[in-house]
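Working through the structure, step by step
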Amino acid sequence: ESFAAAMHSLEISNPARALEMAREGQKRWPHSERAAEFARTEVKCLYALGRPSEGRGAAEAMVNKYVGSPWALEVERETGAHPYVNH
């Protein structure tokens, strides 16, 4: 809880550090209930750092990995990335 709170507190003031923390969280807790939250923070920080192509790639991967989660829905709204649908 405190790791995620610290990460979120840095999203605006220090997005580079928040990005590091998001990636660290994904490595340390890849299957936790916070995994989608870390992935969403990675996307948000990449855009904040002026790296939109990386952000878009991370957004596409994130919304496909965490389909329908509140964090994925937020990324969909903010970036326009949507999960792939097999027809």
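The coordinates are above.
Residues numbered from 1 in each chain as written. Predicted model: local features only at pLDDT ≥ 70, side-chain atom pairs only at ≥ 80, totals over all residues. Heavy atoms only, no water.

**Side note on the overall build of the protein**
Using the following cut-off: A run of DSSP states H or I qualifies as a helix once it reaches four residues; a run of E qualifies as a strand once it reaches two. Both are numbered from the N-terminal end. C-alpha atoms define the radius of gyration, and 2.2 Å times the number of residues to the power 0.38 defines the globule rule. The rule is simple: take the accessible area with a 1.4 Å probe, protein chains only, and divide by the maximum for that residue type; under 20% is buried, over 50% is exposed, in between is partly exposed. Exposure was quantified through the Shrake-Rupley algorithm and a 1.4 Å probe, taking into account, for residues, occlusion by the shown protein chains and nothing else. By the counting rule applied here, Lys and Arg register as positive and Asp and Glu as negative, while His and the ends of each chain are not counted. For charged residues, the charge sits on one atom: NZ in Lys, CZ in Arg, CG in Asp, CD in Glu.
Looking only at helices and strands, the protein features five helices and zero strands. Beginning at the N terminus, the succession of helices and strands in the protein can be written as α-α-α-α-α. Against the compact-globule benchmark of 12 Å for 87 residues, the protein has a radius of gyration of 12 Å, which places it among compact chains. Taken over 87 residues, the protein has a buried fraction of 40%. Counting every atom, the protein has about 5100 Å² of accessible surface; 55% of that belongs to carbon and sulfur. Of the side-chain charges in the protein, 11 are positive and 12 negative, and the distance between the mean point of each set is 3 Å.

**So, the packing of aromatic side chains**
Describing an aromatic ring pair means giving the distance of the ring centres and the angle of the ring planes. Stated formally: Classification of ring pairs uses Phe, Tyr and Trp, with its six-membered ring standing for Trp, and accepts pairs whose centres are within 6.5 Å; under 30 degrees between planes counts as stacked, over 60 as edge-to-face, and the remaining range as tilted. To sit over a ring, a charge needs its Lys NZ or Arg CZ within 6 Å of the ring centre and within 35 degrees of the ring normal.
Per the stated rule, a full pass over the model turns up three aromatic pairs. Taken together, a centroid distance of 5.2 Å and an interplanar angle of 70 degrees make the contact between Phe 3 and Trp 29 edge-to-face. Note that Phe 3 is positioned in helix α1 (residues 2-10) and Trp 29 in the loop between α2 (15-28) and α3 (35-48), a separation of 26 residues in sequence. You can call Trp 29 partly exposed: its relative accessible area is 31%. Seen from their ring centres, Phe 3 and Phe 38 are 5.9 Å apart, and the 80 degrees between their planes marks the pair as edge-to-face. You can see Phe 3 sitting in helix α1 and its partner Phe 38 sitting in helix α3, a full 35 residues away along the chain. According to the relative accessible area criterion, Phe 3 is buried, its value standing at 18%. Judged by its relative accessible area of 2%, Phe 38 is buried. Seen from the ring of Phe 3, Arg 28 lies directly overhead, with NZ or CZ sitting 5.6 Å from the centre.

**Digging into the nonpolar core**
Which entries qualify depends on this criterion: By nonpolar core we mean a set of buried residues, namely Ala, Val, Leu, Ile, Met, Phe, Trp, Tyr and Cys, connected to one another through side-chain atoms within 4.5 Å. By the convention used here, residues are in contact when the closest approach between their heavy atoms is within 4.5 Å.
Within the largest apolar cluster, 21 residues are counted, with the highest numbers of intra-cluster contacts made by Met 7, Val 43, Met 62, Val 63, Tyr 66 and Val 75. Of all the elements in the fold, those that place two or more residues in this core are α1, α2, α3, α4 (52-65) and α5 (70-79). Counting residues per element, this core draws most heavily on α3, at seven residues. Non-local contacts of Val 43, meaning those with residues more than four positions away in its chain, are made with Gly 55, Ala 58, Ala 59, Met 62, Val 75 and Thr 79.

**Observations concerning the packing of α1 against α3**
The relative placement of two packed helices comes down to the angle between their axes together with the axis-to-axis distance. What counts is decided by this rule: Lines are fitted to the C-alpha atoms to define the axes, a helix being fitted only along its stretch in contact, and any angle between axes, read from their N-to-C directions, falls within 0 to 180 degrees. Just so you know how the angles are binned, under 35 degrees is roughly parallel, over 145 roughly antiparallel, 65 to 115 roughly perpendicular, and the rest oblique. Each helix crossing is assigned a hand: it is left-handed if the near helix lies turned anticlockwise from the far helix by less than a right angle, otherwise right-handed if that turn is clockwise. Ten residues, namely Ala, Val, Leu, Ile, Met, Phe, Trp, Tyr, Cys and Pro, are considered nonpolar, four, namely Asp, Glu, Lys and Arg, are considered charged, and the remaining ones, Gly among them, are considered polar.
For the pair α1 and α3, interaxial distance at closest approach is 11 Å and the crossing angle is 15 degrees. Relative to α3, α1 is oriented roughly parallel. Regarding α1 and α3, the two cross each other, and that crossing is left-handed. For the pair α1 and α3, the contacting residues are Phe 3, Ala 4, Met 7 and His 8 in the first and Glu 37, Phe 38, Arg 40 and Thr 41 in the second. When its residues are assigned to classes, the contact of α1 with α3 shows four nonpolar, two polar and two charged.

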